[in-house]
Amino acid sequence: MVEQESRPDYAGKATVYLDQNVLDLLVKEKDPAFFSRLMSDYQVVYSDETLREIKRSSQPEVFLTALESMSAMHFRYQTDHALQLTGGMLITSHSPFQTYATYLGNEPIYDVMLAAAHQTNLKLYGGRKDSSFSAISREQLEAFNALMSHASEQLMLLGDEQPEIATALKQYIDTLQRQYEIATEVSSGELEKYIDDASGQSGIQAYRSAVGIGPVQLNNVQPPNVIRKLWEMHQDLDGYKGMGYVIEDFVGISPHLIYGREMHQHEKVTSVYNVLNVIGYKPDSSLNKEHRHIAAISDAAHASVASHAHVLLSADAAFVCKVRAIFEFLEIPARVYLVTFKDGQIWVED
């Protein structure tokens, strides 16, 4: 497909982020009138995670054409002159085909890094039974070093032509290196301290057994104030009582030694989403399996990006419950709607 010569810039419409299951309804041409109304009332946006899932679909042309038909715009995290995240977002109006081509150019090395990064959590959920946490940590460090080598190559290409950008990139590489070394050392050491590989029990099972609470009890918690109710159920249990924890510690959003700053909104959403999976509130299923674990990571990524949109649409009821709870707790104004397809029509539930 030939890219359109010009596309209008973002005009300030309210933004709507489509979960992949809703984008799938668009591709399958379910209720075209619904998507026409959506396009009229909102600016449809998509993210790098959307592109990552499109690549995994093995039919990118179909999904990119669907995004093009909605005049969808790319929604990405903003960085400053030093390439540090600002906490803000950018909307770009390039064709989805152009954005996807750019993504593919940068994606291989980042894919290796992402695949390595999620191996610790995969083992935590009962996968990778034959690998120790320290062995996985070594794999992650190798992948990270490959990413840094790639970044250094880009730095050398800049040379003397763009010294300010080159300096910023070098500072960014040095910061990432420090952060990653701290993260891998802390995480692998703590996990091996508390999780016994020889027990044959996943870290998540061990945790839930130790605290004495899990999905059976937690899934009965109803809004409002879901996160606070979950904390109240945990704060007097073993592992929490007497430790001086507050609710921010419980959901992993307290100031962190890795960042050395207040976490950005999208980072908080990711953390709380992962904690809800760990404790067992509307948990994603079969997270000991690689493909299901990747799907759960994608869900968290979609929720994080969509926290900056005005509206999030999803056809996954458990995902909607979790994201509504997270947005309520973090006081994020984005609205989250459940989409269903029935009798030839798409229905949206508040």
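A quick note: this is a predicted structure, and the numbers were derived from the prediction, not measured. (Residues numbered from 1 in each chain as written. Predicted model: local features only at pLDDT ≥ 70, side-chain atom pairs only at ≥ 80, totals over all residues. Heavy atoms only, no water.)

**Considering the sheet that holds strand β2 (residues 43-46)**
Ordered by their spatial adjacency, 7 strands build an open sheet running β4-β3-β2-β1-β5-β6-β7, and the pairing between neighbours is mixed. Every other strand in the sheet has two partners, leaving β4 (85-92) and β7 (345-349) as the edge strands with one partner each. For this sheet, the mean angle separating the axes of adjacent strands, direction not counted, is 35 degrees. Helix α2 (residues 32-41) contacts β1 (15-18), β5 (311-314) and β7 of the sheet and is inclined by roughly 50 degrees relative to β7. (Pairing = 2+ DSSP bridges. Helix = DSSP H or I, 4+ residues; strand = E, 2+ residues; numbered from the N terminus. Axes fitted to C-alpha atoms, helices over the stretch in contact; angles between N-to-C directions. Contact = heavy atoms within 4.5 Å.)

**Here's the deal with the pairing of β7**
The side chains of a regular strand alternate between the sheet's two faces. The pairing of strand β6 (residues 335-342) with β7 spans 5 bridges and is classified as antiparallel. Bridge pairing in β7 places L338 opposite E349. Taking the residues that link successive antiparallel strands as the turn, the β6-β7 hairpin has 2 residues, and the phi of D343 there is positive, at about 55 degrees.

**Some words on helix α15 (residues 317-329)**
Given 3.6 residues to a turn, an α-helix orients residues that are three or four positions apart in the same direction. Given a rise of 1.5 Å per residue, 13 residues ought to cover 18 Å, and the 19 Å separating the end C-alpha atoms of α15 matches this to within 8%. All of the buried residues in α15 are F319, V320, K322, V323, A325, I326, F327 and F329. Near the N-terminus of α15, the side chain that reaches the backbone nitrogen of A318, with its oxygen 3.1 Å away, is that of D316. Positioned one or two residues after α15, E331 has a phi angle of 60 degrees, which is positive. (Expected span 1.5 Å × (residues − 1). Buried < 20%, exposed > 50% of the residue type's maximum accessible area, 1.4 Å probe, protein only. Polar contact = N/O pair within 3.5 Å; in protein donor to acceptor, adjacent residues only side chain to side chain.)

**Remarks on the nonpolar core**
Nonpolar side chains tend toward joint burial in soluble globular proteins. In this structure, I227, L230, L276, I279, V323 and F327 are the most contacted members of the largest nonpolar core, which totals 43 residues. Mapped by element, the contributors of at least two residues to this core are α9 (203-211), α11 (226-234), α12 (247-250), α13 (265-279), α14 (290-306), α15 and β6. A total of 7 residues in this core trace back to one element, the largest contributor, which is α15. Sequence-distant contacts of L276, that is, excluding residues within four places in its chain, are made with I227, L230, Y281, K322 and I326. (Core = buried A, V, L, I, M, F, W, Y, C linked by side-chain atoms within 4.5 Å.)

**Here's the deal with the packing of aromatic side chains**
Counted under the stated rule, the structure contains 7 aromatic pairs. Where F34 meets F35, the ring centres are 5.2 Å apart and the plane angle is 85 degrees; that geometry is what we call edge-to-face. With respect to class, F34 is no different from F35; both count as buried. On the numbers, 5.7 Å between centres and 70 degrees between planes, the contact of Y240 with F250 is edge-to-face. With Y240 in the loop between α11 and α12 and F250 in helix α12, the pair connects residues that are 10 residues apart, well separated along the chain. One aromatic cluster is present, built from ring pairs that chain together W231, Y240, Y245 and F250. (Phe/Tyr/Trp six-rings, centres within 6.5 Å; stacked < 30°, edge-to-face > 60°.)

**Structural notes on the packing of helix α1 (residues 20-27) against helix α4 (residues 60-69)**
Across the interface, α1 lies against α4 with an axial gap of 9 Å and an inter-helix angle of 90 degrees. Viewed along their axes, α1 and α4 adopt a mutual orientation that is roughly perpendicular. Each of Q20, L23, D24, L26 and V27 in α1 lies in contact with α4, whose residues at this interface are V62, F63, A66 and L67. Across the contact of α1 with α4, the residue classes tally to 7 nonpolar, 1 polar and 1 charged. (Parallel < 35°, antiparallel > 145°, perpendicular 65-115°, else oblique. Nonpolar A, V, L, I, M, F, W, Y, C, P; charged D, E, K, R; others polar.)

**Some words on the pattern of salt bridges**
Evaluation of the coordinates by the stated rule reveals 4 salt bridges. The partner of D24 in a salt bridge is K28, and the shortest N-O contact between them spans 3.0 Å. Between D350 and R335 there is a salt bridge, with the nearest N and O atoms lying 2.8 Å from each other. Remark: R335 occurs in strand β6 and D350 occurs in the segment after β7; sequence separation between them is 15 residues. Among the residues examined, D350 registers a relative accessible area of 60% and is labelled exposed. (Salt bridge = Lys/Arg side-chain N within 4 Å of Asp/Glu carboxyl O.)

**A word on the pairing of β1**
Judged by which residues are buried, β1 turns out to be covered on both faces: T15 and Y17 on one side and V16 and L18 on the other are all buried. In terms of strand pairing, β1 meets β2 through 3 bridges, oriented parallel. Within β2, the position partnered with T15 by the bridge is Q43.

**A look at the packing of α11 against α13**
Where α11 contacts α13, the axes come no closer than 13 Å and their chain directions differ by 45 degrees. Taken together, the axis directions place α11 and α13 in an arrangement best described as oblique. The crossing of α11 and α13 is left-handed. In this structure, α11 uses I227, L230 and H234 to contact α13, whose residues at the interface are V272, L276 and I279. Residues that form the contact of α11 with α13 fall into these classes: 5 nonpolar, 1 polar and no charged. (Left-handed = near helix turned anticlockwise from the far one by under 90°.)

**What to know about the side chain of S304**
Tracing the backbone through its elements, the reader meets S304 in helix α14. You can call S304 buried: its relative accessible area is 2%. Of note is the side chain of S304, whose polar atom sits 2.9 Å from the backbone oxygen of A300. When near neighbours in sequence (up to four residues on either side) are disregarded, S304 contacts Y77, H266, V269 and T270.

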